Amino acid sequence: MSKQGTVGSGNNHGKGETGENETYTSSCEELKRARPREMTRPEKCTFPLAALALVAAVCVAPLAADMSTPAFRHRKHSILKMDEALLTVNNELDTGVVVSWISERCHQCLYQQLGVVPAAPSPARLSSVEFVVSTQHEITLQLNSTPVNLDLCMVPFHFGEHGNYSLWLKNLNNSSVVNCSVVTDADPINSFIPILVAFLIFAGLVLVSAIGRTILGLDVVKSILFRIGGSMETERLINSELGSPGRTVPPVTDNILPPLPNRSKRLRSLDTFRGISLVIMVFVNYGGGRYWFFRHESWNGLTVADLVFPWFVFIMGTSIALSTNFLLLAGSTRCSLLRKVVGRSLQLFIIGVLIINPNYCQGPLSWDNLRIPGVLQRLAWSYLVVACLDLLVAKGHLDILTTGAWWSPFLDILLYWPAWLCMLLLEILWLFLTFQLPVPDCPTGYLGPGGIGDMGLYPNCTGGAAGFIDRWLLGENHIYKTPSSRVIYASHVPFDPEGVLGSINSVLMAFLGLQAGKIILHYRDLHTSIMSRFLIWGLLLGAISALLTKCSTDQGFIPVNKNLWSLSYVTTLACFAFVLLVLLYYTVDVKRWWSGAPFYYPGMNSILVYVGHEVFEEYFPFRWHMANSQSHAEHLIQNLVATSCWVFISYVLYRKKIFWKI
């Protein structure tokens, strides 16, 4: 009987590597790295009608399922799960071999033992052991002799999903040099084909929509529609004058006077921005097809899932600036607005606590294991602080301000210097606590993941000061117990990515969004000035990020880290937010090339969509029993259908003028 081992990859599933008859050779004198193929990650496409999204997502099902079916069947394929491959280690040496592994995404990590391959029983026979290895990222296999621990070779290789591979160990010409070769016995599947199919379907919908709008814009079509509409209107007028049996004509209540001018011109680009963030957030929360780049990064670095929450916080800050200015112009007092801000923050916090604990619909919540931090709770805190700062410094009338002075280009900053001073003090507090707070049994200023990271020296120091403050202030039973760092770094200490210390930097993110709102207010209808200042802010924040990170993932002063909400994470995501806002503002509000649909609709009902997708996550049609739960295609279909359902629901609510406001 052959032995079998596993290289686990936790709950994050994802990237496979396709290959055909690949052979890899390595020796202790020379190592060659296998180059993985780069797969294009298609961006989300837009489509004009939300109903088409649901139809398209359903249409993906048969196509994606058929195209993801492998063309081969090897004897171990049936037991492989997502992001797994079969590796058979064939040992022709006269000594046993210990096989260890490490992921390329694991910074300064200890090798984890995969298993032991016995020595060959005789020169004519070999010893074989089968292992299951992860295909998410490239891994490095280390082979050592036993019982004498000597390094034989190291093999970096990116295995493909459901592939079948052999690793051969043999002596070259009866010398002491050990040759290690990886051979592809059975080709892996291409797990990215379902994404390609979904992309082509949505792209086709965009094309059909564009052609339809072009046809409807033709003069001939307009005249035909006008005639049809005119005849229907004539029939309606005749019926309204003559009446029909059994029908009561309601009195005419149409107002022939023009509507009063709107004092606040709503920018569709802001709701579109919010909707994009929300739709991606819903998609990744539902699983993102179990692809690794739609899951949160294990520690340092960024994935698609790490982008959306900061963007949502950013655009919330922008909305605070615009709404506060409008309410002050409408005559509201600052005290009344402060009461609304406090009440709204409390409601958000309570709703967040209710939906983030899994037994909220199964009876009373138990305080013993109630998780306190969460997404809505962090939104509530950020909203409370930034809205209070804005009420402190907001100007009701901006048209009477001096614009001829030398400092007028900096007016949108200098007028609000008390708020900037408060933010500076908050950031100094974050830096002091992060890098100066003593943490028991951990180095001061530690920003690592603990576990097997940093050569396993600090296994219980996950998050450094941020984790210590949460465990001391809230207790281990009231924070997140399965952080993403456990996937690659095998950390076991509870750590909450929405913890207390990171909330300071979420306030900074909302405040930078507030600054975007101030720019819109000060340069209203001056599109060039607004976009240029957005780009300047994006460039400045990008430069700060480059300085803090040294343009690297792990080697910077402050790495980009979503779990910690590090300063560089905020500046990087704010840089992206300003650039994205420029693009949306130009295409949606300035040129009006795009209406913002379908993202505009969930952006108008963001709280309802977010709460709804959390509460009804386990119910049909958002989730159903899958025929093959180890298929990226089926997970992608389910997650696209669920996300499209919420887009469609928000579209219906928009047409019915139903909005949930807190």
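Residues numbered from 1 in each chain as written. Predicted model: local features only at pLDDT ≥ 70, side-chain atom pairs only at ≥ 80, totals over all residues. Heavy atoms only, no water.

Trainee: What exactly am I supposed to notice about the overall build of the protein chain here?
Mentor: Looking only at helices and strands, the protein chain has 17 helices and 10 strands in total. By the burial criterion, 52% of the 662 residues in the protein chain qualify as buried. A separation threshold of at least 6 residues defines the contact pool for the protein chain, and within that pool the share at least 24 residues apart is 75%. With an accessible surface of roughly 32200 Å², the protein chain has 62% of that area assigned to carbon and sulfur atoms. (Helix = DSSP H or I, 4+ residues; strand = E, 2+ residues; numbered from the N terminus. Buried < 20%, exposed > 50% of the residue type's maximum accessible area, 1.4 Å probe, protein only. Contact = heavy atoms within 4.5 Å. Areas by Shrake-Rupley, 256 points an atom, 1.4 Å probe, with all protein chains shown as cover.)

Trainee: Got a minute to help me understand the sheet that holds strand β4 (residues 96–103) in this structure?
Mentor: An order of β5-β4-β7-β8 is seen for the 4 strands of this open sheet, with the pairing classed as antiparallel. Only two strands of the sheet have a single partner each, and these edge strands are β5 (112–117) and β8 (151–157). Averaged over all neighbouring strand pairs, the angle between strand axes comes to 20 degrees, with direction disregarded. Two strands pair when backbone bridges link them, and strand β7 (residues 139–146) and β8 are joined in this way by 6 bridges, in the antiparallel orientation. Its bridge partner lying in β8, threonine 140 is registered against proline 156. (Pairing = 2+ DSSP bridges. Axes fitted to C-alpha atoms, helices over the stretch in contact; angles between N-to-C directions.)

Trainee: Would you mind showing me how to read the confidence of the model for the protein chain here?
Mentor: A residue-level look at the protein chain finds 79% of positions with pLDDT of 70 or above and a mean pLDDT of 83. Note on residues 1–6: pLDDT is under 50 here. Beyond four places in sequence and across chains, it has 13 contacts. In this model residues 55–78 is a low-confidence stretch, pLDDT under 50, and it forms 46 contacts with partners more than four residues away in sequence or in other chains. (pLDDT = per-residue confidence, 0-100.)

Trainee: Hey, could you run me through the packing of aromatic side chains in this one?
Mentor: By convention here, two paired aromatic rings are described through the distance between centres and the angle between planes. In the structure shown here, the tally under the stated rule is 32 aromatic pairs. Ring geometry for phenylalanine 159 against tyrosine 165: centres 5.0 Å apart, planes inclined by 80 degrees, an arrangement best described as edge-to-face. The exposure classification of phenylalanine 159 matches that of tyrosine 165, with both residues buried. The ring centre of tyrosine 600 lies 3.6 Å from the NZ or CZ of arginine 268, which sits over that ring. (Phe/Tyr/Trp six-rings, centres within 6.5 Å; stacked < 30°, edge-to-face > 60°. Lys NZ or Arg CZ within 6 Å of the ring centre and 35° of its normal.)

Trainee: Honestly, the nonpolar core in this entry has me stumped. Any pointers?
Mentor: As a rule of thumb, soluble globular proteins bury nonpolar side chains together. The biggest cluster of nonpolar side chains holds 124 residues, and the ones touching the most others in it are Phe273, Phe314 and Phe534. Counting residues per element, this core draws most heavily on helix α14 (residues 567–590), at 13 residues. Phenylalanine 534 has contacts with Ala516, Ile519, Ile520, Phe578, Leu581 and Val582, leaving out every residue within four places of it along the chain. Core analysis: the second largest hydrophobic core is formed by 26 residues, Val129, Phe131, Cys153 and Val182 among them. (Core = buried A, V, L, I, M, F, W, Y, C linked by side-chain atoms within 4.5 Å.)

Trainee: Hey, could you run me through unusual backbone geometry in this one?
Mentor: Glycine aside, residues mostly have negative phi, and peptide bonds are mostly found in the trans state. Omega for the bond connecting threonine 146 with proline 147 falls within 30 degrees of zero, at 5 degrees, which places this linkage in the cis form. Topologically, proline 147 is positioned in the loop between β7 and β8. Between alanine 597 and proline 598 the backbone carries a cis peptide bond, its omega angle lying at 0 degrees. Mapping proline 598 onto the fold places it in the loop between α14 and α15 (600–604). In this model, arginine 290 sits at a positive phi of 65 degrees, which is unusual for a non-glycine residue. Of note in the backbone geometry, lysine 657 takes a positive phi value of approximately 60 degrees without being a glycine. Within the element layout of this structure, lysine 657 appears in the segment after α17 (632–655).

Trainee: Which parts of the structure should I look at to understand the state of the cysteines?
Mentor: Taken as a whole and judged by the stated rule, the model has 3 disulfides. A sulfur-sulfur distance of 1.8 Å marks the disulfide that ties cysteine 106 to cysteine 109. Where cysteine 106 bonds to cysteine 109 through sulfur, the torsion about that S-S bond is close to -80 degrees, and the disulfide is left-handed. Look at cysteine 106 and you get buried, because its relative accessible area is 7%. Two residues, cysteine 442 and cysteine 461, share a disulfide whose sulfurs are 1.9 Å apart. Judged by the sign of its S-S torsion, about -95 degrees, the cystine formed by cysteine 442 and cysteine 461 is left-handed. (Disulfide = S-S within 2.5 Å.)

Trainee: It is not clear to me how the packing of helix α16 (residues 606–615) against α17 should be interpreted in this structure. Could you clarify?
Mentor: Geometry of a packed helix pair, given as the angle between the helix axes and the separation of the axes. Two elements in contact, α16 and α17, have axes separated by 11 Å at closest approach and are oriented at 140 degrees. When the interaxial angle is binned, α16 and α17 end up oblique. At the point where α16 passes α17, the crossing takes the right-handed sense. Side by side, α16 and α17 meet where Leu608, Val609, Gly612 and His613 of the first sit next to Trp646, Ser650 and Leu653 of the second. For the contact of α16 with α17, the class distribution of residues is 4 nonpolar, 3 polar and no charged. (Parallel < 35°, antiparallel > 145°, perpendicular 65-115°, else oblique. Left-handed = near helix turned anticlockwise from the far one by under 90°. Nonpolar A, V, L, I, M, F, W, Y, C, P; charged D, E, K, R; others polar.)

Trainee: Before we go on, may I ask you to explain the pattern of salt bridges in this structure?
Mentor: Where charged atoms from two side chains of opposite charge come close, those side chains can pair. One pass over the full model with this rule turns up 10 salt bridges. Among the salt bridges present, the one from glutamate 498 reaches lysine 562, with a minimum N-O distance of 3.2 Å. Taken together, the positions of glutamate 498 in the loop between α11 (485–489) and α12 (502–522) and lysine 562 in the loop between α13 (527–549) and α14 put the pair 64 residues apart, joining distant regions of the chain. Each member of the pair glutamate 498 and lysine 562 is classed as buried. It is possible to trace a salt-bridge network through shared partners that takes in Arg371, Asp496, Glu498 and Lys562. (Salt bridge = Lys/Arg side-chain N within 4 Å of Asp/Glu carboxyl O.)

Trainee: Even after reading the chapter, I still don't get α14, so can you show me in this structure?
Mentor: Since one α-helical turn is 3.6 residues long, residues separated by three or four positions face the same way. Helix length check: α14, at 24 residues, gives a terminal C-alpha distance of 32 Å against a target of 34 Å (1.5 Å per residue), a fit within 8%. Across the 24 residues that make up α14, a large majority, 18, are buried. Trailing α14 by a residue or two, arginine 592 shows a phi angle of about 55 degrees, which is positive. (Expected span 1.5 Å × (residues − 1).)

Trainee: Would you explain helix α9 (residues 417–436) in this entry?
Mentor: Given a rise of 1.5 Å per residue, 20 residues ought to cover 28 Å, and the 28 Å separating the end C-alpha atoms of α9 matches this to within 8%. Those residues of α9 lying buried are Ala419, Met423, Glu427, Trp430 and Thr434. Along the axis of α9, the buried positions cluster into a sector of 75 degrees, meaning they face one direction only. Those residues of α9 that are exposed and angled more than 90 degrees off the buried face are Trp417 and Leu425. Structurally, α9 contributes buried residues whose contacts are with α7 (375–393), α10 (465–473), α12 and α14. (Arc of directions from axis to C-beta.)

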